[in-house]
Amino acid sequence: MATPVRASDTPFAAAVEQGKDYWWCSCGQSKNQPFCDGSHKTEGAFTPVKYTAADSATVYFCGCKASGNKPLCDGSHKQAV
Ligand code: FES
Ligand code: FES
């Protein structure tokens, strides 16, 4: 199975709007982290993950791409790689 690029060692804080859809980059190659910019199409092994904001708030999207609760950070980035 392909391994995503570790885009960041920490999560990305992002202000989201209630009811709006966001596309989280799962491959780690996007230049617009934490969101997909279409770069995954080069390799083809990954697709973005949709996130629909339940509330308008600041949420923490996973930057290490190893979260067990994608697309959100679950603290997995603290583990040694
Ligand atoms: Fe990473 Fe689209 S650029 S999933
Ligand atoms: Fe990936 Fe926290 S940044 S789990």
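Residues numbered from 1 in each chain as written. Chains lettered and ligands numbered in written order. Predicted model: local features only at pLDDT ≥ 70, side-chain atom pairs only at ≥ 80, totals over all residues. Heavy atoms only, no water.

(A) Inspection of the overall build of the protein chain at higher detail. Across its full length, the protein chain holds zero helices and four strands. In sequence order, the protein chain lays out its α and β elements as β-β-β-β. The C-alpha radius of gyration computed for the protein chain amounts to 12 Å, which stays within 12% of the reference 12 Å derived for 81 residues, consistent with globular compactness. Referenced to the eigenvectors of the C-alpha coordinate spread, the extents of the protein chain come out at roughly 35 × 30 × 20 Å. Looking at the protein chain residue by residue over its 81 residues, the buried ones come to 33%. Excluding contacts between residues fewer than 6 apart, the proportion of contacts in the protein chain whose partners are at least 24 apart in sequence is 59%. Taken as a whole, the protein chain presents about 4900 Å² of accessible surface, with 50% of it coming from carbon and sulfur. Computed over 8 positive and 7 negative side-chain charges, the separation of the two mean positions in the protein chain equals 4 Å. (Helix = DSSP H or I, 4+ residues; strand = E, 2+ residues; numbered from the N terminus. Rg over C-alpha atoms; globule rule 2.2 N^0.38 Å. Buried < 20%, exposed > 50% of the residue type's maximum accessible area, 1.4 Å probe, protein only. Contact = heavy atoms within 4.5 Å. Areas by Shrake-Rupley, 256 points an atom, 1.4 Å probe, with all protein chains shown as cover. Lys, Arg positive; Asp, Glu negative; His and termini not counted. Charge placed at Lys NZ, Arg CZ, Asp CG, Glu CD.)

(B) Molecular detail of the pairing of strand 2 (residues 21-24). With burial as the criterion, only one face of strand 2 is covered, namely that bearing Tyr22 and Trp24; the residues Asp21 and Trp23 on the opposite face remain uncovered. Examined bridge by bridge, strand 2 and strand 3 (residues 49-52) share four bridges and lie antiparallel to one another. Residue pairing in the sheet places Asp21 in a bridge with Thr52 of strand 3. (Pairing = 2+ DSSP bridges.)

(C) Seen up close, the pattern of salt bridges. Under the definition given, this model contains two salt bridges. Taking the shortest distance from any N to any O, the salt bridge between Asp9 and Arg6 comes out at 2.6 Å. With relative accessibility at 29%, the residue Arg6 sits in the partly exposed group. Measuring nitrogen to oxygen at the nearest pair gives 3.6 Å for the salt bridge that ties Lys50 to Asp21. (Salt bridge = Lys/Arg side-chain N within 4 Å of Asp/Glu carboxyl O.)

(D) Structural context of unusual backbone geometry. Cis geometry is found at the peptide bond from Gln33 to Pro34, where omega equals 5°. Relative to the helices and strands, Pro34 resides in the loop between strand 2 and strand 3.

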